[in-house]
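Examination of the molecular architecture
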Amino acid sequence: GAGVSQSPSNKVTEKGKDVELRCDPISGHTALYWYRQSLGQGLEFLIYFQGNSAPDKSGLPSDRFSAERTGGSVSTLTIQRTQQEDSAVYLCASSLPGYNEQFFGPGTRLTVL
Amino acid sequence: DQQVKQNSPSLSVQEGRISILNCDYTNSMFDYFLWYKKYPAEGPTFLISISSIKDKNEDGRFTVFLNKSAKHLSLHIVPSQPGDSAVYFCAAGEGAQKLVFGQGTRLTINP
């Protein structure tokens, strides 16, 4: 079946602009996660959605970052007033609930000029 | 404060030999540990996991060892193959949700 998909694959934007990144999880996966990977770093947790529960936003680095998940499926990560330090690969993952591995999408490479 | 550390940024191993990748963690509440493999321009791919009730889990050429007292886990790949060349991330969490990832180790298998 289809895996996790993300769009766009690459995004170049100017400092101060807003960007939206999209994630389509695997069908039936109730859990959805956003991470980012800065150059030379590991994956940094951003936000976690599980079913209809309130999302865990504890990893969002600032109030410029927000995410929503509509209808328990597609998720959008929005970064407002982008800064150069926001440049990273943003990865989305989904999983079944419980002790199950997360399946990752290919990521969106964001470059803020 | 890095809760999960992979102290070797790179490792080079000859084809056919054993590759051993190491990972240390600081949070004693972590009870679920995973290894992921990542090729360039792709997302990480799950390899193998282990829960804290076990000290070893094996899947084909891949074995993960967990030493809870030392807060250390390792991934053994034997025999190593050229297709194993990738970046390997260890991850840990309280449950499988908010995983904390290490910085990754780039493994190169030489023919």
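Scroll up to find the structure this text is about.
None of these values were measured; they are calculated from a predicted model. (Residues numbered from 1 in each chain as written. Chains lettered and ligands numbered in written order. Predicted model: local features only at pLDDT ≥ 70, side-chain atom pairs only at ≥ 80, totals over all residues. Heavy atoms only, no water.)

**Quick look at unusual backbone geometry**
A cis amide bond, omega -10 degrees, links Ser7 of chain A with the succeeding residue Pro8 of chain A. Within the element layout of this structure, Pro8 of chain A appears in the loop between β1 (5–7) and β2 (10–13). Geometrically, the link from Val78 of chain B to Pro79 of chain B is a cis peptide bond, its omega value of -5 degrees lying close to zero. One can find Pro79 of chain B in the loop between β8 (72–77) and β9 (86–93). Positive phi values are uncommon outside glycine, yet Arg81 of chain A reaches one of about 45 degrees. (Helix = DSSP H or I, 4+ residues; strand = E, 2+ residues; numbered from the N terminus.)

**Examining the side chain of Gln6 of chain A**
All names here are of chain A. Within the fold, Gln6 resides in strand β1. Polar side-chain contacts of Gln6 include one of 3.0 Å to the backbone nitrogen of Cys92. A polar contact is formed between the side chain of Gln6 and the backbone nitrogen of Gly107, at a distance of 2.9 Å. (Polar contact = N/O pair within 3.5 Å; in protein donor to acceptor, adjacent residues only side chain to side chain.)

**Some words on the layout of surface pockets**
Estimates place the volume of the largest pocket at around 720 Å³. Lining the largest pocket we find 34 residues, and of these Gln37, Leu39 and Arg109 of chain A together with Lys38 and Arg106 of chain B sit closest to its centre. The set of elements that each furnish at least two residues to the lining of the largest pocket consists of β8 (88–95) and β10 (108–112) of chain A together with β9 and β11 (105–110) of chain B. A total of four residues in the lining of the largest pocket trace back to one element, the largest contributor, which is β11 of chain B. Residues belonging to the lining of the largest pocket are distributed by class as follows: 13 nonpolar, 17 polar and four charged. Taken as a whole, the second largest pocket spans an internal volume of roughly 430 Å³. Lining the second largest pocket we find 23 residues, and of these Leu43, Glu44 and Phe45 of chain A together with Val100 and Phe101 of chain B sit closest to its centre. For the lining of the second largest pocket, the elements supplying multiple residues, two or more each, are β5 (43–50) of chain A together with β10 (100–101) of chain B. (1 Å grid on protein atoms, 1.4 Å probe; cavity = no way out; pocket = protein on both sides within 12 Å on 5 of 7 lines; lining within 4 Å. Points joined across faces, edges and corners; volume = space filled by probe spheres on them. Nonpolar A, V, L, I, M, F, W, Y, C, P; charged D, E, K, R; others polar.)

**Side note on the state of the cysteines**
By the definition in use, this model includes two disulfides over all chains. For Cys23 of chain A, the disulfide goes to Cys92 of chain A, at an S-S distance of 1.8 Å. Of note, the bridge from Cys23 of chain A to Cys92 of chain A carries an S-S torsion of about -65 degrees and is left-handed in sense. Placement of the pair is Cys23 of chain A in strand β3 (residues 19–24) and Cys92 of chain A in strand β8, with a sequence separation of 69 residues. Residue Cys23 of chain A is classed as buried on the basis of its relative accessible area, which comes to 0%. Between the sulfur atoms of Cys23 of chain B and its disulfide partner Cys90 of chain B the distance amounts to 1.9 Å. Since a negative S-S torsion denotes a left-handed disulfide, the Cys23 of chain B-Cys90 of chain B link at about 65 degrees is right-handed. (Disulfide = S-S within 2.5 Å. Buried < 20%, exposed > 50% of the residue type's maximum accessible area, 1.4 Å probe, protein only.)

**A few points about the nonpolar core**
Of all hydrophobic cores here, the largest spans 23 residues; its most connected members are Phe33, Trp35, Leu73, Leu75 and Tyr88 of chain B. Counting only elements with at least two residues in this core, the list comes to β3 (19–25), β4 (32–38), β5 (45–51), β7 (62–67), β8, β9 and β11 of chain B. With four residues, the top contributor of residues to this core is β9 of chain B. Among the nonpolar cores identified, the runner-up in size contains 20 residues, and Ile26, Leu32, Ala88 and Val112 of chain A belong to it. (Core = buried A, V, L, I, M, F, W, Y, C linked by side-chain atoms within 4.5 Å.)

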